[in-house]
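Here is what each chain is made of, one letter per residue.
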Amino acid sequence: MEPGHSLWICPANTRRSNGNNLFHYTLNEHVNGIGSGNQVKLSSIQLPARVVWLFDNGKLAGVAQQNNVHTNLHNKGAQFVFLDAHARRFRNVEYWDFTKDAGRTNNPELVWIP
């Protein structure tokens, strides 16, 4: 079923609903307020311009972490929204380790756990 036009539907993402879920964007589970572990007040985050809030979803979860970023949208990259509300595209090699098939956590411009 075609989802139509919405802020929450990425025109570049061809994945469509299985009838239950369609999350083109995912919240970072490390700052979503309900995840386990790292619970912090937003006002205590030192560099909100580097802390990932939303990102292009490469899998199914609506709330996830760096291993869920899409690796082949937007000319082999993905869009990220940060806690300060700006958005930026990154090339997939900046956030994904293709050898390990896992998200990188060593890019200082993409902070997953504040």
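Residues numbered from 1 in each chain as written. Predicted model: local features only at pLDDT ≥ 70, side-chain atom pairs only at ≥ 80, totals over all residues. Heavy atoms only, no water.

1. As for the pairing of strand β2 (residues 52-56)
Look at any regular strand and the pattern is simple: side chains alternate between the two faces of the sheet.
Phase 1: Most of β2 is tucked away, with four of its five residues classed as buried.
Phase 2: Relative to β2, strand β1 (residues 25-28) runs antiparallel, the two sharing three bridges. Across the sheet, residue Y25 finds its bridge partner in β2, namely D56.
Phase 3: Judged from the three bridges that link them, β2 and strand β4 (residues 77-82) form a sheet pairing that is antiparallel. Among the inter-strand pairings, F55 is bridged to a residue of β4, identified as F80. (Buried < 20%, exposed > 50% of the residue type's maximum accessible area, 1.4 Å probe, protein only. Helix = DSSP H or I, 4+ residues; strand = E, 2+ residues; numbered from the N terminus. Pairing = 2+ DSSP bridges.)

2. Remarks on the side chain of N107
Phase 1: Along the chain, N107 falls in the segment after β7 (102-103).
Phase 2: In this structure N107 comes out as buried when scored by relative accessible area, which is 13%.

3. Things to note about the packing of aromatic side chains
Phase 1: Within the structure shown, the criterion is met by six aromatic pairs.
Phase 2: Note on F80 and F90: the rings are 5.3 Å apart at their centroids and 90 degrees apart in plane angle, and the pair reads as edge-to-face. A residue pair is termed long-range when its members are at least 10 positions apart, and F80 in strand β4 and F90 in strand β5 (residues 87-91) qualify at ten residues.
Phase 3: For F80, a relative accessible area of 0% gives the class buried.
Phase 4: Residue F90 is classed as buried on the basis of its relative accessible area, which comes to 1%.
Phase 5: Pairwise contacts between aromatic rings join F55, F80, F82, F90, Y95 and W112 into one cluster. (Phe/Tyr/Trp six-rings, centres within 6.5 Å; stacked < 30°, edge-to-face > 60°.)

4. Let's talk about the nonpolar core
Phase 1: The biggest cluster of nonpolar side chains holds eleven residues, and these are V52, F55, V69, A78, F80, F82, F90, Y95, W96, L110 and W112.
Phase 2: Only β2 and β4 provide two or more residues apiece to this core.
Phase 3: The element contributing the most residues to this core is β4, with three residues. (Core = buried A, V, L, I, M, F, W, Y, C linked by side-chain atoms within 4.5 Å.)

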